[in-house]
Amino acid sequence: MNASLPPIDAPVLVEAVDGLPARLRKKLDDAVGRFAALAVVADGDRYTVAIDDATTVTLLAPGGVVRTAAEVTCTCLLAPNCLHRAGVLSNAPVWDASATPEGTPEVEVEVAAEVSAEVAAGDKAPEAPGDELGVAQRAAVEQVWRAAVAVLGGGVSGSGTVARAALLRAAHEAQATKVYKLAAAARVVATQLQAARGDDAHYRLADLSDAMRELLLVAHALRTGASTELGTARRQYHVEGSLRLYGLCCTAVLAGTGHAGVVTYAADRDGRLWMVADVMPGDAKRAARGGDATLAMGETALTHRGFTRAGLVVTGATAAGSRQLGAGRGVRAVTASGAAWHEEPLAGLWAEPVAAQVHRAFAALAEPLTERTAGADLLFLTVTVRGTDGDAIQAEHADGTPLTLRVAVDHPALGYRENLRVLGRAAGLRMLLIARPDPGRPGTVLPLAVAPVEGEQWRVEGHADLAFDRLHSSQLPQEHLREEVASARPAAAGPAAEEVWRPAVRDPALQLLSAQVERTVNGGRVMLTFPAGRGPSDATRLRRARLDAGAALLDRLVAAANDRPRNAFGRLGDDDGTAFAQAWLAAATYADAAARALAEASWLG
């Protein structure tokens, strides 16, 4: 991906790839790699890429987005069905119209206008969850399923631009027939696939595996009738009336889907959590600036960071079912006083028992991100810093539960890593913590914000949002820093200390199944057709660990990968991949659920 190129609408790329002759399609992935390093010259809404001395590709992006194929031209003789045009477009980020910030006045007006137009034309209202799928919708679901199965069968290594374009084409059809949830899941996989093929530094195979599992799960449920939930084009907001809000914290968003921004949490008088989101297509720079962006709500001039240290009185408030606040024209908000974390109504968040918090958070993590209730996946902990292993902080909850604190988002534009490094040097420091549990590591949390416990003085304004505020050792009580320096050497010496500070890891046997799941996503179906080699198979090792269900699912996955038809001459043919995709989906779902259950159980001793 070339971030210097403007975002393009998916049908633009699809049309460019479909227009290529078969002989040029075979060369497309090589061209994409070559063109990725070419310089992009921007002049207003006009972007030019010089392929060579005689060939130039020009993109027109009125409003910042290339929306039609006519806005992309090439000077070569084969244009528009040329390799240059398709190769440049393949390196551009894909614009997602549904990613417009929800809750803004423009979006709410647009949703109302769409509904009114449909009613006036005599069409039925947008499909609600639970409606039966129509013929066109079923066809769109099958198209997405086939495209997703093809990507899984080829893996990252075998799914180039043509496969990604097919997935985007299917997502576009799903969006057009109002199968919104499936379309969104397909776009996420397409974006992750582009990051993987483009050697994006922030790409993680685990993220693509999770996205592929979600896509196949949604598609499988729709095509088998297990679910008729279509989702909505825009988040639906309802009137909440008047709210008295107390700012809590804000955190940066830097998603693998190419979106970035900030999410701010607040509590009302009853301690219920609400959130305000400002997330749009963007990179780490947008995420780093998110804390200082002005809150889009009513007449207030507060920034997101400013709101976390103050309060709001909101009238005419609107909110989605997830308690994400809207910013429609009727919303009025004025600045009010805030509350410290150890004061009501915020203090009650830390009074909830850890076990109850963990159950709530893990239940929320099992839900799609867009459907989680605001703050349901957050933990409110009182911890004491015990030391550091160089990459994480070892801490202890007030009830004696040992914890490992790790970096939430590891990007130099955000302050998470540096702030944890400062806190890790302050052994004995007691603090209030807002964090998310890491479902892949038992007893591990990802801190988002910290504050001193009542009665202890830090040189900070109330609390520190670890993504945006930069802590310095001078802001912390110096006695803790001296204690940490004095105890650093003995803490690191001896086998007993090493055992105490050993970082938590996943279950080794369960990791065998997770590795095969991710290995398939990376290398495709063929990765499971190689002989197991010497020693016991992974399925045998799973059975020895008494993970019989996991072993059976792995056996089924390997069998499905090798079960391919042969023609009359004994040569391998091809099937539709459905049996293999279903076997992979079952194994991936089991591995994810088992890992979450293991991580949750580790919290409870």
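For the structure itself, consult the block above.
Basis of the calculations
Residues numbered from 1 in each chain as written. Predicted model: local features only at pLDDT ≥ 70, side-chain atom pairs only at ≥ 80, totals over all residues. Heavy atoms only, no water. Core = buried A, V, L, I, M, F, W, Y, C linked by side-chain atoms within 4.5 Å. Buried < 20%, exposed > 50% of the residue type's maximum accessible area, 1.4 Å probe, protein only. Helix = DSSP H or I, 4+ residues; strand = E, 2+ residues; numbered from the N terminus. Contact = heavy atoms within 4.5 Å. Pairing = 2+ DSSP bridges. Axes fitted to C-alpha atoms, helices over the stretch in contact; angles between N-to-C directions.

Could you give me a rundown of the nonpolar core, with the residues and numbers involved?
Judged by nonpolar contacts, the single largest core of 91 residues is most densely connected at Leu59, Leu182, Leu215 and Trp584. Ranked by residue count, the leading element in this core is helix H6 (residues 135-158), at 10 residues. If sequence neighbours within four positions are ignored, Trp584 has contacts with Leu152, Ser209, Met212, Arg213, Leu216, Val517, Thr520, Val521 and Leu557.

So, the pairing of strand S16 (residues 444-452): which residues are in play, and what are the values?
Taking burial as the measure, the 9 residues of S16 include 9 buried ones, the bulk of the element. Inspection of the sheet shows strand S14 (residues 402-405) paired to S16 by 2 bridges, in the parallel sense. Its bridge partner being in S16, Thr404 is matched across the sheet by Thr444. Here 7 bridges tie strand S15 (residues 430-437) to S16, and the two strands are oriented antiparallel to one another. Note on S16: the bridge partner recorded for Met431 is Pro452. Turn length for the S15-S16 hairpin, with the two strands adjacent in sequence and antiparallel, is 6 residues, and the turn residue Gly443 shows positive phi of about 65°. As paired elements, S16 and strand S17 (residues 464-465) share 2 bridges and run antiparallel to each other. For Ala449, the partnering residue across the bridge sits in S17 and is Asp465.

Quick rundown of the sheet that holds strand S3 (residues 46-50)? Include the residues and the values.
The antiparallel open sheet is built from 4 strands, whose spatial order is S2-S3-S4-S5. At either end of the open sheet lies a strand with only one pairing partner, and these are strand S2 (40-43) and strand S5 (72-74). Strand after strand, the sheet turns through a mean of 20° between neighbouring axes, direction not considered. Two elements, S3 and strand S4 (residues 56-60), share 5 bridges in a ladder whose sense is antiparallel. Counted as the bridge partner of Ala50 is Thr56 from S4. Sitting on the sheet, helix H4 (residues 83-90) is in contact with S3, S4 and S5, with an inclination near 50° to S4.

Account for the environment of Ala320, with residues named and values stated.
For Ala320, the location among the structural elements is in the loop between strand S10 (311-319) and strand S11 (332-336). A relative accessible area of 3% means that Ala320 is categorised as buried. Along the backbone, Ala320 and Ala374 are 54 residues apart, and their C-alpha atoms lie at a distance of 10.0 Å. Apart from residues no more than four positions distant in its own chain, Ala320 is found in contact with Arg235, Gln236, Tyr237 and His238.

Residues and numbers for the sheet that holds strand S9 (residues 273-281), please.
Read across the open sheet, the 5 strands follow the order S9-S8-S7-S10-S11; overall the sheet is antiparallel. Among the strands making up the open sheet, the edge pair consists of S9 and S11. Sheet twist, expressed as the average angle between the axes of neighbouring strands with direction ignored, equals 40°. Pairing between strand S7 (residues 238-254) and strand S8 (residues 259-267): 8 bridges, direction antiparallel. Within S8, the position partnered with Tyr246 by the bridge is Ala267.

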